Amino acid sequence: MKRFYFSWLAPLYKRVPFARFLLWQSQFLTELGASKLAIELIADFAKEITFKREGAVWTVDVRDKLMAMRLWLEPEFAANERAVLAWAHTHERLPRCTTILEIGANIGSSTIPFLQETSCRVVAIEPVPRNLALLEKNLKQNGFANRVIVIQRAIADHAETLGMIVTLHNFAGSEIARQPITRPEAIFRQPCETINVQATRLEDLVQSQQIAPRDVAFVWCDVQGSEGAVIRTGAPLWQAGVPLWAEIAPKLISRQDNLKQFLADTARFFDSYVSLKNLKTQGALASPQPIASFNKFVARLGKAQTDVLLLPRGASD
């Protein structure tokens, strides 16, 4: 059955008697629509909900309209994670390497699938306190706390205190405030607040945790435009052949960084790349594209975004 959800129904249902609500649900809603409506209604009287999905127990904040919705609704929410793990197994980075480095761990939506699918430890880096609290709760209730090092930091070019814009209804949408923004709500189209977070260089964090680059299977990165700082400050990892999975969003990168500088840094440290599209359609044996074509690949994205696996020389040997 084709799935539909009519967003205008949610506020309407809140104004009708419960019996009529049940009748309308049976007439108009698919399973997907009923699930979306349920979380909309729960948001009126609960802060968090806990549920089972994909063999794990999840606690999410009901204000989160992106990550919570994905975990609540999508049957294959970890498809990207599994595609990268399959690549790492095929190219013998797993189980030879024993550590996965995750930058921007959020509430554990990638952390837990990594722990479920491998025997690795995960170093989970997350700067936002509300996300960190849910990350630690999700790890504990799934019995994974002893396999994860949780670090409350952002990654930046310098060790410093930085302002971070936190979007109140998208827990994965927080980003470092590199430029003064007087009305962030107009940009993010939702209520925001600004907090201070501690930042560090990636190579300093790796050294302080005594992480040997040769033991890192890959770096998973979702940092809302700060990918350039991750690349520039993670040189020992790339020099050791560690692949980097990163979100490429030209609009976000331009707001956080200099896009031309980002592209130059990418070309300096990486030899080739595999796009998300190719990884999904061709699988773990997808042919890497030369890094010389990366500029054109990014230019074609325009205002869109995607993910890529960036490969240093020797990453897939």
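Residues numbered from 1 in each chain as written. Predicted model: local features only at pLDDT ≥ 70, side-chain atom pairs only at ≥ 80, totals over all residues. Heavy atoms only, no water.

### What to know about helix 15 (residues 294–301)
Turning to helix 15, its buried residues are F294, F297, V298 and L301. One side of helix 15 holds all its buried residues, which, seen down the axis, span an arc of 95 degrees. Residues of helix 15 that are exposed and point more than 90 degrees away from the buried face comprise K296, A299 and R300. Buried residues along helix 15 sit in contact with strand 11 (244–248), helix 12 (250–256), helix 13 (259–269), strand 12 (272–275), strand 13 (289–290) and strand 14 (306–311). (Buried < 20%, exposed > 50% of the residue type's maximum accessible area, 1.4 Å probe, protein only. Helix = DSSP H or I, 4+ residues; strand = E, 2+ residues; numbered from the N terminus. Arc of directions from axis to C-beta. Contact = heavy atoms within 4.5 Å.)

### As for the pairing of strand 2 (residues 56–61)
Across the 6 residues of strand 2, 5 count as buried, placing the element largely inside the fold. By the bridge criterion, 6 bridges tie strand 1 (residues 48–53) to strand 2 in an arrangement that is antiparallel. In the strand pairing of strand 2, I49 is matched with V60. Between strand 1 and strand 2, which follow one another and run antiparallel, lie 2 residues, and E54 among them has a positive phi close to 55 degrees. (Pairing = 2+ DSSP bridges.)

### What to know about the environment of Y273
Tracing the backbone shows Y273 in strand 12. With 29 residues separating them along the chain, Y273 and L244 place their C-alpha atoms 9.3 Å apart. Excluding anything up to four places from it in sequence, Y273 contacts P288, Q289, P290, I291, S293, F294, F297, L309 and L310. Within the structure, Y273 has its side chain in polar contact with the side chain of S293 (distance 3.0 Å). (Polar contact = N/O pair within 3.5 Å; in protein donor to acceptor, adjacent residues only side chain to side chain.)

### Some points on the pattern of salt bridges
Overall, the coordinates contain 12 salt bridges when judged by the stated rule. Ionic pairing is found between R201 and E203, a salt bridge with its closest N-O pair at 2.4 Å. The class of R201 is partly exposed, set by a relative accessible area of 23%. Here R313 makes a salt bridge to D271, at a shortest N to O gap of 3.3 Å. Taken together, the positions of R313 in the segment after strand 14 and D271 in the loop between helix 13 and strand 12 put the pair 42 residues apart, joining distant regions of the chain. (Salt bridge = Lys/Arg side-chain N within 4 Å of Asp/Glu carboxyl O.)

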